[in-house]
Amino acid sequence: MHYKIYIFTFLTFILLVSCSTTVNKSYEKEISIAEKKEILVQKKILINEMAKASVRIHEISWPILLSNREKCKNNKKKSYGSLFADVNDLPKEDKKIFLTLFNSNIDPRYFYKYQVDSFPIILSVAKDSPAHHAGLLKNDIILEINETNTQKFRKKLLFVLESEKNLKFKILRGKKEIKVNMTGIKSCSYNVQVLPSGSPNAFADGEKVFITMAAIKLAQTKDELAFLIGHELAHNILHYKNFDASEANLLAIDYLDKPKIRQIKSIIVWSNEKREIEADIEGIHLAFKAGFSLENVNDYWRRLSVFNPELIKKSVNVYKSNAYRAALINKTLKKLKDKANE
Ligand SMILES: [Zn+2]
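Being a predicted model, the structure only gives us computed values, none of them experimental.

Visitor: Residue-level account of the state of the cysteines, with values.
Guide: Under the criterion given, the structure shown has one disulfide. Cys72 shares a disulfide with Cys188; S-S distance 1.8 Å. Taking the sign of the S-S torsion, about 90° here, the bridge from Cys72 to Cys188 comes out right-handed. Highlighted residues: Cys72 in the loop between α1 (2-67) and β1 (82-85) and Cys188 in the loop between β6 (176-183) and β7 (191-195), separated in sequence by 116 residues. Of the two residues, Cys72 and Cys188, neither departs from the other in class, the shared state being buried.

The following block contains the structure:
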């Protein structure tokens, strides 16, 4: 009798175990499929947010770069003032997302005609730039660059900005094909980009300027962002000096691009208190020259102090404090405005 019970219990146990593993396996499989879908959703949000923040930054940085062009006399490359998204700005695995976000309205015959699997798109056209004067618009699709197809778009763009007088596009707007011919101008072509990071900060590496997504979200006015951009540009202009930046490398949706050590000598340019104060003062001059009044930029530092109260009295890194910074900004601005009113 006991023997039979044992066998029964054992068989029930086996049955239960195998049943629960099947349930677990299919459960796991469903989660894994949902996870893959969710990865696409999150990447799409990331790329969209990168594009949106880059457009916001581009509108503010262009006038600062243009109105301070005499500070970048070594720059031999032309500028046109438009911001692009190209499939190669993203890792290969994100190609489908690029096509969904930026190439979904293109008639399939264009891919066949030009023998390409994607087309670059205009994300933003800066006011009073050559691209603006030539009539280029946001969301224009680039079919041709200087009479060739758009394969290796950034490489071709870099070549044109370095060596050609004119940048010529054939673009697709709705169903219309339009030819656009632009003459480049001299500007400071440092690339001001977005860095996806949750901590409000900004960086300069001699060629690019990175403003973190958190800083862009924390800033509430164009003036606040203009101050941040001005400060980092001032590091590039005053402390790095060597000029090798090109608008062709301005990457709006590349969420993996980061500040880099671009030259060995950059290591000696790393921040110290004196350089930070210099960058604050020069940054204010750069942004003011572009027409930003910078009236309430100290609100940014006050807001930052709400999240990081330790910054009120003493910065964690090399800078004095948020309060010192606000005082310095006020004094520099007052001097500038008095001089402007003379
Ligand atoms: Zn700095």
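Structure shown, so let's carry the discussion forward.
Visitor: So, the side chain of Glu224: which residues are in play, and what are the values?
Guide: Its place among the elements puts Glu224 in helix α7 (residues 222-240). Look at Glu224 and you get buried, because its relative accessible area is 2%. Excluding its chain neighbours within four sequence positions, the residues that come into contact with Glu224 are Leu218, Ala219, Asn296, Val297, Asp299, Tyr300 and Arg303.

Visitor: Give me the lowdown on empty space enclosed by the protein, citing residues and values where you can.
Guide: With the rule as written, the count across this model stands at two cavities of 30 Å³ or more. For the largest cavity, the calculated volume is near 90 Å³. Taken together, 13 residues form the lining of the largest cavity, with His58, Leu65, Tyr190, Glu247 and Leu250 sitting closest to its centre. Breaking the lining of the largest cavity down by element, the ones donating at least two residues are α1 and β7. Here the lining of the largest cavity gets four residues from one element, more than from any other, and that element is α1. Split by residue class, the lining of the largest cavity holds six nonpolar, six polar and one charged. Contributing to the lining of the second largest cavity are Ile64, Leu65, Asn68, Cys188, Tyr190, Leu233, Ile237 and Leu286. Elements supplying a minimum of two residues to the lining of the second largest cavity: α1 and α7. Each residue belonging to the lining of the second largest cavity can be placed in one class, and the counts come to seven nonpolar, one polar and no charged.

Visitor: Describe the packing of α7 against helix α8 (residues 273-289), and please don't skip the residues or the numbers.
Guide: Where α7 meets α8, the axes come as close as 7 Å, and the angle between the chain directions of the two elements is 115°. Helix-helix and strand crossings are classified by hand; for α7 and α8 the assignment is right-handed. Side by side, α7 and α8 meet where Ala226, Phe227, Gly230, His231, Leu233, Ala234, His235, Ile237, Leu238 and His239 of the first sit next to Arg275, Glu276, Glu278, Ala279, Asp280, Glu282, Gly283, Ile284, Leu286 and Ala287 of the second.

Visitor: For the sheet that holds strand β8 (residues 202-204), give the residues involved together with the corresponding values.
Guide: Two orientations exist for strands paired in a sheet by backbone hydrogen bonds: parallel and antiparallel. As summarised here, the arrangement of the three strands in space is β7-β9-β8, forming an open sheet in which the pairing is mixed. Strands with a single pairing partner mark the edges of an open sheet, and in this sheet they are β7 and β8. Each strand of the sheet is rotated relative to its neighbour by a mean of 20°, with strand direction disregarded. With five bridges connecting them, β7 and strand β9 (residues 208-212) associate as parallel partners. The residue bridging Gln193 from the neighbouring strand is Phe210, located in β9.

About the criteria used
Residues numbered from 1 in each chain as written. Predicted model: local features only at pLDDT ≥ 70, side-chain atom pairs only at ≥ 80, totals over all residues. Heavy atoms only, no water. Disulfide = S-S within 2.5 Å. Helix = DSSP H or I, 4+ residues; strand = E, 2+ residues; numbered from the N terminus. Buried < 20%, exposed > 50% of the residue type's maximum accessible area, 1.4 Å probe, protein only. Contact = heavy atoms within 4.5 Å. 1 Å grid on protein atoms, 1.4 Å probe; cavity = no way out; pocket = protein on both sides within 12 Å on 5 of 7 lines; lining within 4 Å. Points joined across faces, edges and corners; volume = space filled by probe spheres on them. Nonpolar A, V, L, I, M, F, W, Y, C, P; charged D, E, K, R; others polar. Axes fitted to C-alpha atoms, helices over the stretch in contact; angles between N-to-C directions. Left-handed = near helix turned anticlockwise from the far one by under 90°. Pairing = 2+ DSSP bridges.

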